[in-house]
Structures are given as structure tokens and as C-alpha cells.
Amino acid sequence: MRVVIIGPAYPLRGGLATYNERLARAFRDAGDDVRLVTFSLQYPSFLFPGQTQFSTEKAPTTYKLRLVSIL
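Quantities reported herein were computed from a predicted structural model and do not represent experimental measurements. (Residues numbered from 1 in each chain as written. Predicted model: local features only at pLDDT ≥ 70, side-chain atom pairs only at ≥ 80, totals over all residues. Heavy atoms only, no water.)

Thoughts on the overall build of the protein chain
Step number 1: Looking only at helices and strands, the protein chain features one helix and three strands.
Step number 2: Listing every helix and strand of the protein chain by position from the N terminus yields β-α-β-β.
Step number 3: By residue count, 28% of the 71 residues in the protein chain fall in the buried class.
Step number 4: Contacts in the protein chain between residues at least 24 apart in sequence constitute 77% of all its contacts with a sequence separation of at least 6.
Step number 5: Only carbon and sulfur atoms are counted for the fraction: they give 58% of the accessible area of the protein chain, which is about 5100 Å². (Helix = DSSP H or I, 4+ residues; strand = E, 2+ residues; numbered from the N terminus. Buried < 20%, exposed > 50% of the residue type's maximum accessible area, 1.4 Å probe, protein only. Contact = heavy atoms within 4.5 Å. Areas by Shrake-Rupley, 256 points an atom, 1.4 Å probe, with all protein chains shown as cover.)

Description of the environment of Ala30
Step number 1: Here Ala30 lies in the loop between α1 (15-29) and β2 (33-39).
Step number 2: Sequence separation between Ala30 and Met1 is 29 residues; the distance between their C-alpha atoms is 9.6 Å.

With respect to the pairing of strand β1 (residues 2-6)
Step number 1: On β1, burial follows the alternation: Val3 and Ile5 on one face are buried, whereas Arg2, Val4 and Ile6 on the facing-out side are not.
Step number 2: Bridge analysis of β1 against β2 gives five bridges, and the strand direction is parallel. Bridge pairing in β2 links Val3 to Val34.
Step number 3: After leaving β1, the chain enters α1 and then returns to the sheet as β2, a path that is right-handed. (Pairing = 2+ DSSP bridges. Right-handed = clockwise from strand over helix to strand, strands pointing away.)

Details of the nonpolar core
Step number 1: Ranked by size, the top nonpolar core spans six residues in total: Val3, Ile5, Ala9, Ala24, Val34 and Leu36.
Step number 2: Taken together, the elements giving at least two residues each to this core come down to β1 and β2. (Core = buried A, V, L, I, M, F, W, Y, C linked by side-chain atoms within 4.5 Å.)

Topic: the confidence of the model for the protein chain
Step number 1: In the predicted model, the protein chain carries a mean pLDDT of 78, and 82% of its residues have values of at least 70.
Step number 2: Across the protein chain, the element-wise mean pLDDT spans from 63 in strand β3 (residues 64-68) up to 89 in β1. (pLDDT = per-residue confidence, 0-100.)

Encoded structure:
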């Protein structure tokens, strides 16, 4: 089966991004073709004072990731 998940994922961090990545991994482990479409920004930067909305971890390699720029 082909599966497309649209929502926060790497390079963004947070609960939804983590959930979407785990969901993609579960579909892939079940033998499905998974693509994850994510955003260039999750929130305006003023909502992250002193922190970043981006992950510092290495990019996952368990699924295909497409980054969509949000203007």
C-alpha cells in the first residue's frame, strides 16, 4: 500500500513530529511505501524564545521525506 502522511516531521521537533515519524516507521515495517510531507516552519519564531523548533538529531532514513515551504 502507498501511504502519505502530511504533518510536522523532521527537521521539526515536538510531539506531533515524533508521532508522525513513528507512524511512518510502523507503516514501513508493515511493508508499505511511505512518504512524509512536512513543513519548513511549524510556528513563527517569536513563539520559541531561547529555543528552536528544529531538531538537532540526524535525519531519519526509514522513509522518504518531502519538505514544503510555507510562506
